[in-house]
Structures are given as structure tokens and as C-alpha cells.
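Commentary on secondary and tertiary structure
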Amino acid sequence: WKDGPDTALLQVLLQGKLNGATVCGMADRIDKLPGDDFKYRLIDLKTVSAQKIATPEKWFYNCRDFGYFRQLALYRYLWSHLQGIPEENVTCHHAVASYVQEGLVQIRLFTIPDALLDPALKEVEEAIRGIKAKDFEDPQPLWSTAHSFNLLEK
């Protein structure tokens, strides 16, 4: 993380169109790769419990369950379109920090391959189609059916 802070782009606001919808996000860090003006490293910083990064497999399932692959796929899509470059020119990574004990923080770095990002972007596109069509699995929440906490009455 300390390499190249003077040239790194931090907290980069990303905005664009995907399937006719305005989408946005904020990349934690983007580095231009040395020697090539058209290749970048996009890094998403995560802080989690040490148990979630005990093995690469555990981190994979955590990413899948929490939508982190979709998030990175969208960021890569937006950055590549803003730069006018192919998505393949943007490598995606997680830098993950975990508190272990007082004075000890564990860091793990993960490279997320295109084979995970490409289908994840398709999931984002499908979600946008569903949102635009107002096709939701869960019923729309209504104030008339809101839960009420009557703890003070007892």
C-alpha cells in the first residue's frame, strides 16, 4: 500500500451508464502500471475478521456471498470506459486487513481473475434489467405493513 502513494489515485469516484442506468462507485485505489499508459491496477480495500481470510477459499466464498466480485466488475467497467481502454487492461485486486491482536494486523492480497469478473458484470447487468422492470423477488416494503416495537407497553 505504501508503494507509489505520490502517483496513486485514491478514493476515485466512478460514474457512468450501464444498460441505460446511471451507476457509480468509489474505487479505493487505482495505480497506473509502470511502462504502459493504458494498463491499471484497481484495488479495493477491505477490513474483515481474520477468520474470513484464513484461506483463499474462505475469502472467495466471502466475496461471492457479499457481492464483492460484482462490485469490482462494475468498478473495472466504469474505469475502463472512463479511460477508453479495454476492461482487460484493468487488473482487479483486494487488499484485506484483519485485526489479530493488539499491535498485530494481518494483510492478505488477492488478485481477482477475469473468469470471476466477467460473469459478475453480467449479474450486475441482470440486476439493472430487473430494477428497471420493477421485477423484485421481495414485496415492496410499505409503511402500512411496517413492524412496530411495543416493548414499552409490556
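Definitions and limits used
- Each chain has its residues counted from 1, running along the sequence as written.
- In keeping with the model being predicted, local features are shown solely for residues with a pLDDT of at least 70 and side-chain atom pairs are shown and tallied solely at 80 or more, while totals for entire chains, interfaces and linings include all residues.
- Side-chain calculation: all heavy atoms of the structure are included, whereas hydrogens and water are not.
- Numbering goes from the N terminus for both helices and strands, where a helix is a DSSP run of H or I of at least four residues and a strand is a run of E of at least two.
- Buried residues are those whose accessible area, probed at 1.4 Å on protein chains only, stays under 20% of the maximum for their type, while exposed residues exceed 50% and partly exposed ones sit between those limits.
- Whether two residues are in contact is decided by their heavy atoms, any of which lying within 4.5 Å being enough.
- Whether two strands pair depends on DSSP finding at least two bridges between them.
- To define axes, lines are fitted to C-alpha atoms, for helices over the stretch in contact only, and angles between the resulting N-to-C directions are given on a 0 to 180 degree scale.
- Disulfides are defined as pairs of cysteine sulfur atoms found within 2.5 Å of each other.

1. A few points about unusual backbone geometry
Phi is positive for glutamine 11, which is not a glycine, with a value near 50 degrees. Along the chain, glutamine 11 falls in strand 1 (residues 9-18). With a relative accessible area of 46%, glutamine 11 lands in the partly exposed category. The phi dihedral of asparagine 19 falls on the positive side, at around 55 degrees, and the residue is not glycine. Its place among the elements puts asparagine 19 in the loop between strand 1 and strand 2 (21-32).

2. Points about the environment of leucine 109
If you trace the backbone, leucine 109 turns up in strand 5 (residues 104-112). Sequence-distant contacts of leucine 109, that is, excluding residues within four places in its chain, are made with His94 and Ala95.

3. A few points about the side chain of asparagine 89
Note on placement: asparagine 89 falls in the loop between helix 2 (68-83) and strand 4 (90-101). According to the relative accessible area criterion, asparagine 89 is buried, its value standing at 17%. Once residues within four sequence positions are removed from consideration, asparagine 89 is found in contact with Phe38, Lys39 and Tyr40.

4. Observations regarding the sheet that holds strand 5
A sheet is described by the order of its strands in space; here five strands give the open sequence 1-2-3-4-5, paired in mixed fashion. What marks the edges here is a single partner per strand, and that holds for strand 1 and strand 5. Across this sheet, the average inter-strand angle for adjacent strands is 40 degrees, counted without regard to direction. When strand 4 meets strand 5, the two strands line up antiparallel, connected through nine bridges. Paired with histidine 93 across the two strands is threonine 111, which belongs to strand 5. In the packing of helix 1 (residues 56-66) onto the sheet, contacts are made with strand 3 (40-47), strand 4 and strand 5, and the angle to strand 4 comes to roughly 110 degrees. Contacting strand 1, strand 2, strand 4 and strand 5, helix 3 (residues 114-132) crosses the sheet at an angle of about 50 degrees to strand 1.

5. A look at the state of the cysteines
Tallying each qualifying case throughout the model produces zero disulfides. Counting only cysteine sulfurs, cysteine 92 is the nearest neighbor of cysteine 63, a cysteine outside any disulfide, at a range of 12 Å.

6. Points about the environment of valine 23
Turning to its location among the elements, valine 23 is positioned in strand 2. Along the backbone, valine 23 and leucine 10 are 13 residues apart, and their C-alpha atoms lie at a distance of 19 Å. Not counting the four nearest positions on each side in its chain, valine 23 is found in contact with Leu14, Gln15, Gly16, Lys17, Leu18, Leu74, Leu78 and Ile128.

No statement about biological role is implied by the geometric values presented.
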